[in-house]
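Understanding the architecture of this molecule
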Amino acid sequence: MRIAVVGAREPAPPALALAEAVGREIGRGGHTLVCGGLGGVMEAACRGARAERGHTIGILPGDEAAAANPYVEFAIPTGLGVARNALVARAGDAMIAIDGSYGTLSEIAFALQFGRPVVGLGTWTVDDGSGADPLIRVDAPAAAVAAAVAAAASNGSPRSR
């Protein structure tokens, strides 16, 4: 299963620790981590996944694969700038959002529009218009990955079979 991990480029240290732990859980589970390929939450999550021999894909905003953080195994330069956020959201069977700023909010919105489940770990509060938060809220990295996998499976992800 491919799990997108999104979050701030310049998060506080607690968010970095959460991201690395989420990456480790993704790697341990044999899943592939998809992210924006740069620093902050993206780099920490990739570091965790690679530490557990997991695979990492970085969908980069620029034209240079070399801009990827050192833990990205497969770098995909797009030249799309922040529009690449839609590709990150589309590439995952589910998304885990950690911390974040406006870029993270856009990725959450894209994922929800694409019908992808989004797990929130200390991230934005979203109102879908009904007064309900459409994110699956958890408070620990292992719970985030378990919720993402379960939600993707129940959402009909072909990779969950």
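Below, the structure is looked at part by part. (Residues numbered from 1 in each chain as written. Predicted model: local features only at pLDDT ≥ 70, side-chain atom pairs only at ≥ 80, totals over all residues. Heavy atoms only, no water.)

This next bit is on the packing of helix α1 (residues 13–28) against helix α5 (residues 141–154). With their axes 8 Å apart at the nearest point, α1 and α5 run at an angle of 50 degrees to one another. Of the possible angle classes, the one that applies to α1 and α5 is oblique. Judged by the twist between their axes, the crossing of α1 over α5 is right-handed. Counted together, L18, A21, V22, E25 and I26 of α1 and P141, A142, A144 and V145 of α5 form the full contact between these two elements. (Axes fitted to C-alpha atoms, helices over the stretch in contact; angles between N-to-C directions. Helix = DSSP H or I, 4+ residues; strand = E, 2+ residues; numbered from the N terminus. Parallel < 35°, antiparallel > 145°, perpendicular 65-115°, else oblique. Left-handed = near helix turned anticlockwise from the far one by under 90°. Contact = heavy atoms within 4.5 Å.)

Here 7 strands make up an open sheet; going across it, the order is β4-β3-β2-β1-β5-β6-β7 and the pairing parallel. What marks the edges here is a single partner per strand, and that holds for β4 (74–77) and β7 (136–137). Judged from the 4 bridges that link them, strand β2 (residues 32–35) and strand β3 (residues 55–60) form a sheet pairing that is parallel. Bridging across to β3, C35 finds its partner in G58. Contacts between α1 and the sheet are confined to β1 (2–7), β2, β5 (94–98) and β6 (118–121), with β5 contributing the most and set at about 155 degrees to the helix. Strands β1, β2, β3 and β5 of the sheet are contacted by helix α2 (residues 41–51), whose axis makes an angle of about 165 degrees with β2. (Pairing = 2+ DSSP bridges.)

A word on the packing of aromatic side chains. Inspection of the entire model under this criterion finds 2 aromatic pairs. With centroids separated by 5.8 Å and ring planes inclined at 35 degrees, the aromatic side chains of Y102 and W124 adopt a geometry described as tilted. Here Y102 is found in helix α4 (residues 102–113), whereas its partner W124 is found in the loop between β6 and β7, with 22 residues between them in sequence. Taking the relative accessible area as the measure of exposure, Y102 reaches 67% and is therefore exposed. Between F110 and F114 the ring centres are 6.0 Å apart and the planes differ by 15 degrees, which places this aromatic pair in the stacked class. Taking relative accessible area as the criterion, F110 reaches 27% and is therefore assigned partly exposed. Residue classification places F114 among the partly exposed residues on the basis of a relative accessible area of 28%. One cation-aromatic arrangement involves R90 over F114; the distance from NZ or CZ to the ring centre is 4.8 Å. (Phe/Tyr/Trp six-rings, centres within 6.5 Å; stacked < 30°, edge-to-face > 60°. Buried < 20%, exposed > 50% of the residue type's maximum accessible area, 1.4 Å probe, protein only. Lys NZ or Arg CZ within 6 Å of the ring centre and 35° of its normal.)

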